[in-house]
Amino acid sequence: MNQDIKVSQWTAILIEQAKRAGLSAAAIAEAVQKKDAEPFIQAGLEGERYANLFGYSEEHGEPLAQAATEGYRMTFNTRNGLKNWLVQRFGLDEEKDFEVGEGVIHGLRLTLEQLAALQKALAVNWVIAGSRDLPGGMVELDLSIRALQSASQA
């Protein structure tokens, strides 16, 4: 995953939503290059959102096709946005796999492969505040807004 490729949280969520709907990274990249929302519509997604994404990413200098194929780092995460990204990226269930608090996400259970993907994509305004190894190659994490970590260490 290329950490030099930066995209907004919204862009990242839409990329992951398209992948979850069954589009490959290559199919997403091709649709982006052609500015063709039809593959997204055929996958059951809102074509208008993706048509808007093409213009948004162009206007903000986001290398959308490259982000879909090579990976990305989000520029900023909100609590709810990060929750939505976790659901789309990893197919998690907020009720079962983690809980969201004020500026924190507790008890996030991931595989080591998912952890690596999270570490590469997570915006710098969030940190992994704690982790515990679980059986079966899983890890349980607590995520926090970076500013909360700095305040608690002061």
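The structure under discussion appears in the preceding block.
The model shown is predicted, which means the values in this text are computed figures rather than measured ones.

Trainee: Which parts of the structure should I look at to understand the nonpolar core?
Mentor: Here is a general trend for soluble globular proteins: nonpolar side chains tend to be buried in one another's company. Core analysis: the largest hydrophobic core is formed by 43 residues, its most contacted members being Phe-40, Tyr-72, Trp-85, Leu-86, Leu-108 and Leu-118. At the level of elements, α1 (9–20), α2 (25–34), α4 (47–59), α5 (64–70), α6 (79–90), β4 (104–111), α8 (112–121) and β6 (138–145) are the ones that each hand at least two residues to this core. By residue number, the principal contributor to this core is α1, which donates five residues. The contact partners of Leu-86, leaving out residues within four places of it in the chain, are Gly-91, Leu-92, Phe-98, Ile-105, Leu-108 and Leu-118.

Trainee: What exactly am I supposed to notice about the environment of Phe-76 here?
Mentor: In this fold, Phe-76 is placed in the loop between β2 (73–74) and α6. Note: C-alpha distance between Phe-76 and Trp-10 (66 residues apart in sequence) is 9.7 Å.

Trainee: I'm lost on the packing of α1 against α4 in this one. Help?
Mentor: Helices that pack against each other are described as a pair by the angle of their axes relative to one another and the distance between those axes. In contact at an axis separation of 11 Å, α1 and α4 are set at 135 degrees when each is read in the N-to-C sense. It follows from the interaxial angle that α1 and α4 lie oblique. Considering only the axes of α1 and α4, their crossing is left-handed. Contacts between α1 and α4 pair Trp-10, Thr-11, Leu-14, Gln-17 and Ala-18 from the former with Arg-49, Tyr-50, Asn-52, Leu-53 and Tyr-56 from the latter. Looking at side-chain class alone, the contact of α1 with α4 contains six nonpolar, three polar and one charged residues.

Trainee: I keep staring at the packing of α6 against α8 and nothing clicks. Help me out?
Mentor: Axis separation between α6 and α8 bottoms out at 12 Å; the angle between their running directions is 135 degrees. Here α6 lies oblique to α8, going by the angle between them. Our pair here, α6 against α8, has a crossing hand that is right-handed. Contact residues: Trp-85, Leu-86, Arg-89 and Phe-90 in α6; Gln-114, Ala-117, Leu-118 and Ala-121 in α8. In the contact of α6 with α8, the residues fall into six nonpolar, one polar and one charged.

Trainee: Sorry, what's going on with the packing of aromatic side chains here?
Mentor: Working definition: an aromatic ring pair is given by the centre-to-centre distance plus the angle between the planes. Using the criterion set out here, one finds four aromatic pairs in the structure. Taking 5.3 Å as the distance between ring centres and 80 degrees as the angle between the ring planes, the aromatic pair formed by Trp-10 and Tyr-56 counts as edge-to-face. Pair noted here: Trp-10 is in helix α1 and Tyr-56 is in helix α4, with a separation of 46 residues, a long-range link. Residue class for Trp-10 comes out partly exposed when judged on its relative accessible area of 31%. Overall, the relative accessible area of 27% leaves Tyr-56 in the partly exposed class. Site record: aromatic cluster; members linked through ring pairs are Phe-40, Tyr-50 and Phe-54.

Trainee: Even after reading the chapter, I still don't get the sheet that holds strand β3 (residues 99–101), so can you show me in this structure?
Mentor: Either a parallel or an antiparallel arrangement is found when strands of a sheet pair, and the pairing is made through backbone hydrogen bonds. Strand order in the open sheet made by the four strands is β3-β4-β6-β5, with antiparallel pairing throughout. Two strands bound the open sheet, and with one partner strand each, they are β3 and β5 (126–134). On average, each strand axis in the sheet is inclined to that of its neighbour by 25 degrees, with strand direction left out of account. Pairing of β4 with β6 involves six bridges; the strand directions are antiparallel. Among the inter-strand pairings, Ile-105 is bridged to a residue of β6, identified as Leu-143.

Trainee: Just checking my understanding: could you explain unusual backbone geometry for this structure?
Mentor: For Lys-35, which is not a glycine, the phi torsion comes out positive at approximately 55 degrees. Relative to the elements of secondary structure, Lys-35 occurs in the loop between α2 and α3 (38–42). Residue class for Lys-35 comes out partly exposed when judged on its relative accessible area of 49%.

Cut-offs applied
- Residues numbered from 1 in each chain as written.
- Predicted model: local features only at pLDDT ≥ 70, side-chain atom pairs only at ≥ 80, totals over all residues.
- Heavy atoms only, no water.
- Core = buried A, V, L, I, M, F, W, Y, C linked by side-chain atoms within 4.5 Å.
- Buried < 20%, exposed > 50% of the residue type's maximum accessible area, 1.4 Å probe, protein only.
- Helix = DSSP H or I, 4+ residues; strand = E, 2+ residues; numbered from the N terminus.
- Contact = heavy atoms within 4.5 Å.
- Axes fitted to C-alpha atoms, helices over the stretch in contact; angles between N-to-C directions.
- Parallel < 35°, antiparallel > 145°, perpendicular 65-115°, else oblique.
- Left-handed = near helix turned anticlockwise from the far one by under 90°.
- Nonpolar A, V, L, I, M, F, W, Y, C, P; charged D, E, K, R; others polar.
- Phe/Tyr/Trp six-rings, centres within 6.5 Å; stacked < 30°, edge-to-face > 60°.
- Pairing = 2+ DSSP bridges.

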